[in-house]
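Structural characterization, general
Chain by chain, the residues run as shown.
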Amino acid sequence: MSSLSLIYKDKDRNETNITTRKTYLLSVDELYVESGYNIREIDQTHVEEFRDAFIAGEHVPPLAVQVTDQGIKIIDGHHRYYGAKLAKEAGHEIRLECKDFVGSEADRIAFMVTSSQGRALEPLERAAAYQRMINQGWEPAEIAKKVKRSVADVDHHLQLLTAGDGLIAMVKAGEVAASTAVAMVREHGAKAETVAKTQLQKAKASGKKKLTLNDAMPQFSATKTRELLELVAKHCEVDFEKETFAITLDFSSDFEALKAMQIIREAREHYASEVKSDDIGIHETKLPLSREEIIEHSGIEVLACAVAAFGDKPAYTHTESKYAHTWAADSVSTPEFLVIPAETVDKAISFLGKHAASEKITGWVSEKYHGDPQLEEVKKRFVDVLSEIDFPLDEVLSLMKDIELACGYNVRELRNEISKRLSRVAVHEVREAE
């Protein structure tokens, strides 16, 4: 069986340009590790994997070493070295294959960065390696070429080292991603660490384990930004006059104007602007948003406007509530300052009518069933049934003044009893007409 050594011995006859580079077998005790030199933190699991490989007699790549005044220093292969020590402690005689590393200190660091034998570098480890090369006088562009990375990658990792001890500790602990830390440094500068700790507390309070970029640097709603841009683009007029110019926004409805101002207010709050909302005509009064709060604090007319314009729902947005309050303050049935479609006005008036009827019905039932433990259920039955009837409510209630209380506990019986009474009235009216 042939081998490379045999081919090398007979290279002239074989017409090959094969060359050889010597490696040396050294005992574990002949090597040493310089404290803090290795750019990778030692991973015990990785060390044990090499221990098992040595014990099993598997091939392990040679270590790169440098002869110094102190002895033979390991340049690349620290995990292999510690694995061999464990194998020796387990009673196995281990000799490590080593080869000389030729190059400058910066070359040695670059070799450790690009070594395919070591585990993947953590962001902080790579950043520290780049900084050591900078300290050797290398430029970012030279480092990038040497480690086969982009200049942006080198700059990004170097900036990570400026994050401050607290933020770097959060990166090491896995609480903040390295990319998030760099983004926060670029955004907040020296305050990045303080902001990160505050935002991390909020994230943990909501059940998260780490700070994401969105948690650290919340972005203003893209939907609202696009909506505001559309409003401005549709209604913007630019007037140039001499050296100055003015931008006028002429909205087609007050609702669009309120919506635009609301988005601007939210954007100013998001970007922590010191400009007051009053500067754009918005008064920061706290508006009720839920259905119950609107009825309690603002009245049924405001709710009628909200329901007519945006539908009957449990809660409304600030813009919707603002619009409803503005409409109600103008006039529900005949608004003068707002442009309200006629069908929307009709919905509001209809809602108010139904509400008034419901109030009258529940008042009548409360008197008739006073103290009844099922009062609320009875109220709902009467409102549901009487809302189906196209007949003057006062007359219907008059017809029911002597109705048996038992009818109120069953919707079918109630509906049948009212139907009978209305039928008798109809027959009586027909006979009178004849």
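What you are looking at is a predicted structure, and each value in this text was computed from that prediction instead of being measured. (Residues numbered from 1 in each chain as written. Predicted model: local features only at pLDDT ≥ 70, side-chain atom pairs only at ≥ 80, totals over all residues. Heavy atoms only, no water.)

Secondary-structure assignment places valine 232 in helix H13 (residues 222-235). Relative accessible area serves as the criterion here: at 29%, valine 232 is assigned to the partly exposed category. Sequence separation between valine 232 and leucine 249 is 17 residues; the distance between their C-alpha atoms is 6.8 Å. (Helix = DSSP H or I, 4+ residues; strand = E, 2+ residues; numbered from the N terminus. Buried < 20%, exposed > 50% of the residue type's maximum accessible area, 1.4 Å probe, protein only.)

Turning our eyes to something else, we now look at unusual backbone geometry. Residues other than glycine seldom take positive phi values, yet lysine 148 does so here, at roughly 60°. Its place among the elements puts lysine 148 in the loop between helix H7 (140-147) and helix H8 (151-160). Looking at lysine 148, the relative accessible area reads 71%, which means it is exposed.

Now for the nonpolar core. Nonpolar side chains in soluble globular proteins generally cluster together in the buried interior. In this structure, Leu303, Cys305, Tyr316, Tyr323, Trp327, Ile340 and Ala348 are the most contacted members of the largest nonpolar core, which totals 21 residues. Looking at this core, the elements that each hand over two or more residues are helix H14 (254-270), helix H16 (300-310), helix H17 (318-330) and helix H18 (342-368). If you tally residues by element for this core, the top one is H16, at seven residues. Apart from residues lying up to four places away in sequence, cysteine 305 is in contact with Ala324, Trp327, Ala328 and Val332. (Core = buried A, V, L, I, M, F, W, Y, C linked by side-chain atoms within 4.5 Å. Contact = heavy atoms within 4.5 Å.)

Right, let's get into the packing of H16 against H18. Running from N to C, H16 and H18 point in directions that differ by 135°, and their axes come no closer than 8 Å. The angle between the axes of H16 and H18 places the two elements in the oblique class. Read as a crossing pair, H16 and H18 show a hand that is right-handed. Where H16 approaches H18, its residues Ile300, Glu301, Leu303, Ala304, Val307, Ala308 and Ala309 are matched on the opposing element by Thr344, Lys347, Ala348, Phe351, Leu352 and His355. (Axes fitted to C-alpha atoms, helices over the stretch in contact; angles between N-to-C directions. Parallel < 35°, antiparallel > 145°, perpendicular 65-115°, else oblique. Left-handed = near helix turned anticlockwise from the far one by under 90°.)

Attention now moves to the pairing of strand S4 (residues 71-76). Judged by how many residues are buried, S4 sits mostly within the fold: five of six residues are covered. As paired elements, strand S2 (residues 31-32) and S4 share two bridges and run parallel to each other. Looking at the pairing, leucine 31 lines up with isoleucine 72 of S4. Sheet analysis places strand S3 (residues 63-68) next to S4, joined by five bridges and oriented antiparallel. Counterpart to threonine 68 in the pairing with S4 is glycine 71. From the end of S3 to the start of S4, which pair antiparallel, there are two residues. (Pairing = 2+ DSSP bridges.)

Per the stated rule, a full pass over the model turns up 14 salt bridges. With its nearest N and O atoms 3.1 Å apart, the salt bridge here joins lysine 197 to glutamate 193. On the criterion of helical spacing, the pair formed by lysine 197 and glutamate 193 is a turn pair, its members being four residues apart in helix H11 (residues 192-205). Between arginine 291 and aspartate 312 there is a salt bridge, with its nearest N and O atoms 2.8 Å apart. With arginine 291 in helix H15 (residues 291-297) and aspartate 312 in the loop between H16 and H17, this residue pair connects regions lying 21 residues apart in the sequence. For aspartate 312, a relative accessible area of 49% translates into the label partly exposed. (Salt bridge = Lys/Arg side-chain N within 4 Å of Asp/Glu carboxyl O.)

Below, the discussion takes up the sheet that holds S3. Spatially, S1-S5-S3-S4-S2 is the arrangement adopted by the five strands of the open sheet, whose pairing is mixed. The open sheet has two free edges, formed respectively by strand S1 (24-27) and S2, since each of these has just one partner strand. Strands S3 and S4 of the sheet are contacted by helix H5 (residues 105-114), whose axis makes an angle of about 50° with S4.

A few words now on the side chain of glutamate 125. Note on placement: glutamate 125 falls in helix H6 (residues 123-135). Glutamate 125 gets classed as buried once you look at its relative accessible area, which sits at 7%. In this structure the side chain of glutamate 125 is engaged in a polar contact, spanning 2.8 Å, whose partner is the backbone nitrogen of glutamate 41. (Polar contact = N/O pair within 3.5 Å; in protein donor to acceptor, adjacent residues only side chain to side chain.)

So, about H6. Compared with the 18 Å implied by 1.5 Å per residue over 13 residues, the 18 Å span of H6 between its first and last C-alpha is a close match. Residues Leu124, Glu125, Arg126, Ala127, Ala129, Tyr130 and Met133 constitute the buried set of H6. Two residues or fewer past H6, glycine 137 is found with a positive phi of approximately 95°. (Expected span 1.5 Å × (residues − 1).)

Time to look at the environment of aspartate 165. Topologically, aspartate 165 is positioned in helix H9 (residues 165-172). When the C-alpha atoms of aspartate 165 and glutamate 193 are compared, they prove to be 8.4 Å apart, with 28 residues separating the residues in sequence.

Before going further, it helps to examine the packing of H18 against helix H19 (residues 375-386). Two elements in contact, H18 and H19, have axes separated by 9 Å at closest approach and are oriented at 135°. Judged by the inter-axis angle, H18 sits oblique to H19. Handedness of the crossing formed by H18 with H19: right-handed. Two secondary-structure elements touch here, H18 through Ser358, Ile361, Thr362, Trp364, Val365 and Ser366 and H19 through Leu375, Val378, Lys379, Phe382, Val383 and Leu386. Looking at the contact of H18 with H19, its residues break down into eight nonpolar, three polar and one charged. (Nonpolar A, V, L, I, M, F, W, Y, C, P; charged D, E, K, R; others polar.)

Turning our attention to the confidence of the model for the chain. For the chain, the mean per-residue pLDDT works out to 81, and 90% of the residues sit at or above 70. The spread of mean pLDDT over the elements of the chain runs between strand S6 (residues 236-241), the lowest at 65, and S2, the highest at 94. Segment residues 273-284: pLDDT under 50, and 18 contacts once partners within four positions in sequence are set aside and those in other chains are kept. (pLDDT = per-residue confidence, 0-100.)

Of the strand pairs in this sheet, S1 and strand S5 (residues 95-100) are connected by four bridges, and their pairing is antiparallel. If you follow leucine 26 over to S5, its bridge partner there is leucine 96. Strand direction decides the pairing type here: S3 and S5, joined by three bridges, are parallel. Counted as the bridge partner of leucine 63 is cysteine 98 from S5.

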